[in-house]
Amino acid sequence: MTDVDRPIRVLVVEDDPVAADAHAMYVGRVPGFTAVGKAHSAAEAKRFLDRTPVDLLLLDLHLPDGHGLALARSLRAAGHHADVVAVTSARDLAVVREGVSLGVVQYVLKPFTFPTLRDRLVRYAEYRATTGEAAGQDEVDRALATLRSPAPAALPKGLSAPTLERVTNTLREAAPEGTTAAALAETVGISRITARRYLEHLVDSGRAVRSPQYGQVGRPELIYTWK
């Protein structure tokens, strides 16, 4: 299994056992991610990382034996290269700036809900999926904007987050060829009209593109592709 195929391995670092269990459960609900362990202190996190490969830390910044950024700094010095999603109730922007240099790719403010964390993880996965050589500045900017762009606005009336997630995952799996509304509807188990509404929402929000496919006589068929 290649790095692209395997799930992104996440270590939850949180001193509150109840919160740690909840965060690990949240991670496990996001397609493409797996929680490989939980640590309740900086020392426990270091021991875990010395024996188990991890791609991402879901890191509480207030740990019983030190600040989370101090842990991130020591991990970098020790040669660990896992990225960090910082979890904190603090709103000090100086801490945010310091974290950027230590591999903090996202911040999640406590208390947060599953959709909030899911959005950050999905954006991180999209960022990790960008590979190869950029064609120019625009492509570099788009890769970085994947992490930094704001969370999506509330869904239009009649659209649901669970169905949107299924549509999104199906569309991503259809890349790079794309898919039609009819084909996606059959895969997801919804009507073609409903599939079209979700696909058009993804186009409107800049996460997908549509293009006509000319073939048989008559109106061209629309192909939707994950952007």
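Check the entry above for the structure.
Below is a short write-up of the structure. (Residues numbered from 1 in each chain as written. Predicted model: local features only at pLDDT ≥ 70, side-chain atom pairs only at ≥ 80, totals over all residues. Heavy atoms only, no water.)

Focus on the pattern of salt bridges
Then step 1. Applying the stated criterion to the full structure yields eight salt bridges.
Then step 2. With its nearest N and O atoms 3.1 Å apart, the salt bridge here joins Arg 9 to Asp 55. Of the two residues, Arg 9 sits in strand 1 (residues 8-13) while Asp 55 sits in the loop between helix 2 (42-51) and strand 3 (56-60), which places them 46 residues apart along the sequence.
Then step 3. Across the pair Glu 200 and Arg 210 runs a salt bridge whose closest N-O atoms are separated by 2.4 Å. (Salt bridge = Lys/Arg side-chain N within 4 Å of Asp/Glu carboxyl O. Helix = DSSP H or I, 4+ residues; strand = E, 2+ residues; numbered from the N terminus.)

What about the sheet that holds strand 6 (residues 83-88)?
Then step 1. Strand order in this open sheet of five strands is 2-1-3-6-7, and the pairing throughout is parallel. The two strands at the open ends of the sheet, each matched to only one other strand, are strand 2 (33-39) and strand 7 (104-109). In this sheet, neighbouring strand axes are inclined to one another by 20 degrees on average, regardless of whether the strands run parallel or antiparallel.
Then step 2. Bridging between strand 3 and strand 6 involves five bridges; their strand directions are parallel. Bridging from a neighbouring strand, Leu 56 pairs with Asp 83 of strand 6.
Then step 3. Helix-sheet contacts for helix 1 (residues 17-28) involve strand 1, strand 2, strand 3 and strand 6, and the interaxial angle to strand 2 is about 165 degrees.
Then step 4. Relative to the sheet, helix 2 contacts strand 1, strand 2 and strand 3, its axis offset from that of strand 2 by approximately 130 degrees. (Pairing = 2+ DSSP bridges. Axes fitted to C-alpha atoms, helices over the stretch in contact; angles between N-to-C directions. Contact = heavy atoms within 4.5 Å.)

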